[in-house]
Amino acid sequence: MKNLNRIGVHCSVANGLHNAFQEAKRLGINTFQIFTRNQRQWQPPPLKEEVIARFHQEKEKHKEITPIFSHASYLINLASPDPRQWKRSVEALKDEMQRAQQLHLAFVIVHPGAHKGSGEKEGIKTIHRALEEVLQKSFKPLLLIENTAGQGTTLGYRLEQLKAIVAPFPESQVGIALDTCHLFAAGYDFSNEKGWAQLMRTLEKYRLLSRLHAWHLNDSFYPLGSRKDRHAHIGKGYIGKEAFALVLKTFPLLPKVLETPKGEGKDEENLRQLYELL
Ligand code: MN
Ligand code: MN
Ligand code: ZN
């Protein structure tokens with residue numbers, strides 16, 4: 001059962017992109033997520049040929065580690081009502097798709113963005129325009145929109161919003177990733193069988209299951225419906241372990257990535273908690 005599931009973590013690339021593979025090997029994981037660039041910069045320098053080559057080399061050596069995710073920059077706001085900010089966001093996401101393609105990554109995960117007062121409807125329209133522009137060029141990696149906790153004016157915390165965001169695009173162009181912390185903070189209580197069944201019905205109703213390619217497994221530091229995005233260690237937050245057992249059992253084949261707080265031995269401990277639930 002253990003090797004059917006693909007479970008990994010967000011890996012540090014502090015000492016170079018290829019370092020993620022050393023980290024993955026050390027942890028014994030078969031999938032991971034990385035930032036391909038500095039999160040704080042709008043225009044990171046392009047990937048150097050030798051960096052790409054080194055990454056490919058490691059990827060070739062560790063074929064068992066698949067898929068690999070890129071998480072786009074948190075600076076990106078595809079719903080921004082400010083045209084300059086919006087344009088910068090579109091360019092940054094295009095750039096991220098390009099980088100992921102150069103590295104032969106399977107997926108790019110991005111947050112939908114925040115409407116900043118322009119309203120939900122306008123915000124979603126703005127996201128559609130952004131995605132249309134980004135996807136004008138066809139990239140090999142698949143773009144996944146992640147659900148959010150609903151902090152501030154962020155969109156995509158209600159599943160009907162997530163549906164509205166992805167609906168105009170074919171499944172071959174836009175998929176989704178679900179973050180357990182964000183779902184819970186947004187008010188979806190799936191911490192018991194009944195709540196889980198309800199969540200599955202909602203995903204089915206909005207035709208989101210066939211778009212679902214990955215889970216982010218994070219416990220929630222804040223209670224149900226808090227709409228605050230702060231991750232906790234597995235079993236140490238408000239969600240509780242049963243919910244994670246349900247995710248593992250229901251979606252054995254989908255890759256799952258931990259984005260829990262880092263620290264000495266923390267990834268190991270969170271992975272151990274998940275393996276125990278299998
Ligand atoms: Mn995310
Ligand atoms: Mn996440
Ligand atoms: Zn989060």
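That block above? That's the structure.
The structure presented is a predicted model; accordingly, all values stated were derived computationally and were not measured.

Caption draft 1: Expanded view of the overall build of the protein. Tallying secondary structure elements over the protein gives 9 helices and 10 strands in all. Taken over C-alpha atoms, the radius of gyration comes to 18 Å for the protein, in line with the 19 Å a tight globule of 278 residues would show. Principal-axis analysis of the C-alpha atoms gives the protein an extent of 50 × 45 × 30 Å. Taking all 278 residues of the protein together, the buried fraction comes to 54%. Partitioning the intrachain contacts of the protein with sequence separation of at least 6 by distance along the chain shows that 78% fall at a separation of at least 24. When the accessible surface of the protein is summed, it comes to about 12600 Å², and 51% of that surface belongs to carbon and sulfur atoms.

Caption draft 2: How the structure looks around the coordination of the manganese ion (ligand 1). The protein atoms that coordinate the manganese ion (ligand 1) are His71 (NE2), His111 (NE2) and Glu146 (OE), at distances of 2.1 to 2.2 Å. Mapping the donors of the manganese ion (ligand 1) onto the primary sequence yields the spacing H-x39-H-x34-E. If you look at the manganese ion (ligand 1) and the manganese ion (ligand 2), they sit 3.2 Å from each other and are both ligated by Glu146. Taken as a pair, His111 in the loop between β4 (107-110) and α4 (120-134) and Glu146 in strand β5 (residues 142-146) lie far apart in primary sequence, 35 residues in all. In terms of burial, His111 and Glu146 fall into one category: buried.

Caption draft 3: How the structure looks around the side chain of His18. Among the secondary structure elements, His18 is positioned in the loop between β1 (7-10) and α1 (19-27). Its relative accessible area of 17% is what places His18 among the buried residues.

Caption draft 4: Looking closely at unusual backbone geometry. Cis geometry is found at the peptide bond from Thr66 to Pro67, where omega equals 0°. The residue Pro67 is located in the loop between α2 (49-61) and β3 (68-71) in this model. One non-glycine residue, Arg227, adopts positive backbone phi at about 55°. Relative to the elements of secondary structure, Arg227 occurs in the loop between β8 (219-220) and β9 (231-232). The exposure class of Arg227 is partly exposed, given its relative accessible area of 32%.

Caption draft 5: Region of interest: the packing of aromatic side chains. Applying the stated criterion to the full structure yields 10 aromatic pairs. Ring centres of Phe21 and Phe32 lie 5.2 Å apart, and the angle between their planes is 85°; on these two criteria the pair is classed as edge-to-face. Remark: Phe32 occurs in strand β2 (residues 32-34) and Phe21 occurs in helix α1; sequence separation between them is 11 residues. Residues Phe21 and Phe32 agree in their burial class; the two are buried. With a centroid separation of 6.0 Å and 75° between ring planes, the pair formed by Phe35 and Tyr74 is classed as edge-to-face. Of this pair, Phe35 sits in the loop between β2 and α2 while Tyr74 sits in the loop between β3 and α3 (83-102), placing them 39 residues apart in sequence.

Caption draft 6: Inspection of the pattern of salt bridges at higher detail. As enumerated under the stated definition, the model contains 14 salt bridges in all. Arg158 is the salt-bridge partner of Glu160, the closest N and O atoms lying 3.6 Å from each other. Accessibility expressed as a relative area gives 28% for Arg158, which makes it partly exposed.

Caption draft 7: The arrangement of the pairing of β4 in detail. On β4, burial covers both faces: Phe107 and Ile109 on one face and Val108 and Val110 on the other are all buried. With 3 bridges joining them, β3 and β4 adopt parallel strand pairing. Across the sheet, the residue bridging to Phe69 is Phe107, located in β4. Chirality of the crossover, the property in question, places the unit of β3, α3 and β4 among those that are right-handed. Note on the crossover from β4 through α4 to β5: the handedness is right-handed.

Caption draft 8: Focus on the nonpolar core. With 76 residues, the main nonpolar core has Phe32, Leu159 and Trp215 as its most contacted residues. Grouped together as the second largest cluster of nonpolar side chains are 8 residues, Phe107, Leu144, Ala177 and Ala214 included.

Caption draft 9: View of the coordination of the zinc ion (ligand 3). Protein coordination at the zinc ion (ligand 3) comes from His182 (NE2), Asp229 (OD), Asp229 (OD) and His231 (NE2), with a distance range of 2.0 to 2.7 Å. Taken together, the 4 donor atoms coordinating the zinc ion (ligand 3) and their angles of 52 to 143° define a geometry best described as irregular. The sequence motif formed by the donor residues of the zinc ion (ligand 3) is H-x46-D-x1-H. The two metals, the zinc ion (ligand 3) and the manganese ion (ligand 1), are separated by 5.4 Å. Looking at Asp229, the relative accessible area reads 34%, which means it is partly exposed. In this structure His231 comes out as buried when scored by relative accessible area, which is 18%.

So, how was this worked out
Residues numbered from 1 in each chain as written. Chains lettered and ligands numbered in written order. Predicted model: local features only at pLDDT ≥ 70, side-chain atom pairs only at ≥ 80, totals over all residues. Heavy atoms only, no water. Helix = DSSP H or I, 4+ residues; strand = E, 2+ residues; numbered from the N terminus. Rg over C-alpha atoms; globule rule 2.2 N^0.38 Å. Buried < 20%, exposed > 50% of the residue type's maximum accessible area, 1.4 Å probe, protein only. Contact = heavy atoms within 4.5 Å. Areas by Shrake-Rupley, 256 points an atom, 1.4 Å probe, with all protein chains shown as cover. Donors = N, O, S within 2.8 Å, 3.2 Å for Na, K, Ca; no water. Phe/Tyr/Trp six-rings, centres within 6.5 Å; stacked < 30°, edge-to-face > 60°. Salt bridge = Lys/Arg side-chain N within 4 Å of Asp/Glu carboxyl O. Pairing = 2+ DSSP bridges. Right-handed = clockwise from strand over helix to strand, strands pointing away. Core = buried A, V, L, I, M, F, W, Y, C linked by side-chain atoms within 4.5 Å. Tetrahedral: all angles 85-135°; square planar, octahedral: opposite > 155°, others 65-115°.

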